[in-house]
Amino acid sequence: MPEKTLVQRYVHILTVVACYWFVSITLVFVNKSLLSGSEKLEAPLFVTCYQCVVTVAACYAIRAAARRFPDRISFPSLELDINIIKQVLPLSIVFVGMITFNNLCLKNVGISFYYIGRSLTTVFNVLMTYFILGQKTSLSAIACCGAIVGGFYLGVDQEDASGSFSLAGTIYGVLASLFVSLFSIYTKKLLPAVDGNIWALTFYNNVNACVLFLPLMVIFGEVPIVFNFQFLSSINFWFLMTIGGIFGFAIGYVTGLQIQVTSPLTHNISGTAKAAAQTVLATHWFMETKSTLWWFSNMVVLGGSMAYARVRQLEMKNNTTVNKVIENTKDPITGEEPTMQKV
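> Pulling in residues and values, what's your account of the state of the cysteines?
Counted according to the given criterion, the structure contains 0 disulfides. Between Cys59, a free cysteine, and Cys210, which holds the nearest cysteine sulfur, the sulfur-to-sulfur gap is 10 Å.

If you want it as C-alpha cells, here you go:
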C-alpha cells in the first residue's frame, strides 16, 4: 500500500479530530441531561457503568458483523486474555477515575463552566510527563501553563461572582483534568500490549471498568437509589442512557485514535479547544448571560493552551533539526559521531 502524502495525512488527522469533537460534545450534552435533566438519576457511577456495559456490548456486536462481512469490517478477536487484562488494569483504573470525575463535575456545574473546570489538563500533562516520564519542560512552556492557571482562577472568581459557583464541581473538574492527563500518557504506553489496536484496548479497558464500578456503586450507596428511581421504567430515560452508552463507546475509540494519530499533548490541546467551542454552544443553547471578565478568562485559558502548543511544536521541530544534523555528521562506515583530534 503506497505511503500517504502529507495532504492525505493532514486530512486524516483533521477527520479524526472532527469526529472527536462531535462525539465528545454530544456526549457531554446527553450526560448533562441524564445527571441534571427532568429525569435525572442521582447515581453517576451507575450511569457511567452502564455506558461501559454498552461499550462492551457494542464491541461484541461489531465483532459479529466483522465475522459476517470480513471484507468490509475489520475487528480484533474478543477472546479474553487474563494477561492483557492485568496489563490494561492500570489504564482502566485511571479510566474509571476520569469518567467518574467528569460526570461528577458535569453534574455540579453548567456545561459553560465545564470548560474552565477542566482547563488544567495541559498543566497536569506537564507535571505528569515530568514525574512519570522524567521529561523536563522549558520555561516558555511553564509560562504558558501559568497563564492557564491564571485564567482558571479568574474563571472561578467570575463564576462565584455570578452566584453559580460550585466548589464540589470545581474540585471534581480539577481531578478530572488530572485523570485525563494520566489517561493520555497510559494509553500511549499500553497500546503495544494489544498490538496497537484501539478497538482491543477499548474492549479490555471497559471490561475492567465494568468490574471496577460494581464495588464502587455498593460503597457509595447507589444500588438502592437505582432500584427506587421513579423513572426506572421510562423509555425516554433508557433511550438517553443507551445513546450515552453508544457515544461513550465512540469517545473511547476516537480518543485513543486521536492520541494514536497525534500525541498525548495534541490530544489535550484538541480537548481544550473543543471545550471552548462547547462553551459558546452551551451559553447559546441554555440562553446564559456571562460577564466580560468571564469570557476573558476563557480566552486566557484558550490563549495559554494554544501558546503552549506552539512552544512545544517549535521545541520538537528544533530537536528534530538537531538530531538530523547529528545523524548527517556521523561517519558513514562506523556510524560514530566525529570527535575533536588532540593537538
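> Tell me about the side chain of Ser92, residues and numbers included.
By the secondary structure assignment, Ser92 is in helix H3 (residues 82–108). Polar contacts involving the side chain of Ser92 include one to the side chain of Asn205, which spans 2.9 Å. The residues contacting Ser92, other than those within four sequence positions of it, are Tyr204, Asn205, Asn208 and Leu212.

> Mind laying out the environment of Val17, listing which residues take part and the relevant values?
Along the polypeptide, Val17 turns up in helix H1 (residues 6–36). When residues no more than four places from it in sequence are discounted, the contact partners of Val17 are Gln258 and Ser270.

> Before we move on, can you summarise the packing of aromatic side chains with the specific residues and values?
Enumeration over the complete set of coordinates arrives at 17 aromatic pairs. With 5.4 Å between their ring centres and 90 degrees between their planes, Tyr60 and Phe203 make a pair best called edge-to-face. In this pair, Tyr60 sits in helix H2 (residues 44–68) while Phe203 sits in helix H8 (residues 198–219), placing the two residues 143 residues apart along the sequence. In this structure Phe203 comes out as buried when scored by relative accessible area, which is 0%. Between the aromatic rings of Phe237 and Trp238, the centroid separation amounts to 5.2 Å while the plane-to-plane angle is 75 degrees, which identifies the pairing as edge-to-face. Clustering of aromatic rings is evident, with ring pairs tying together Phe46, Tyr50, Phe229, Phe231, Phe237 and Trp238. Here the basic side chain of Lys290 rests over the ring of Trp294, its NZ or CZ set 5.0 Å away from the ring centre.

Basis of the calculations
Residues numbered from 1 in each chain as written. Predicted model: local features only at pLDDT ≥ 70, side-chain atom pairs only at ≥ 80, totals over all residues. Heavy atoms only, no water. Disulfide = S-S within 2.5 Å. Helix = DSSP H or I, 4+ residues; strand = E, 2+ residues; numbered from the N terminus. Polar contact = N/O pair within 3.5 Å; in protein donor to acceptor, adjacent residues only side chain to side chain. Contact = heavy atoms within 4.5 Å. Phe/Tyr/Trp six-rings, centres within 6.5 Å; stacked < 30°, edge-to-face > 60°. Buried < 20%, exposed > 50% of the residue type's maximum accessible area, 1.4 Å probe, protein only. Lys NZ or Arg CZ within 6 Å of the ring centre and 35° of its normal.

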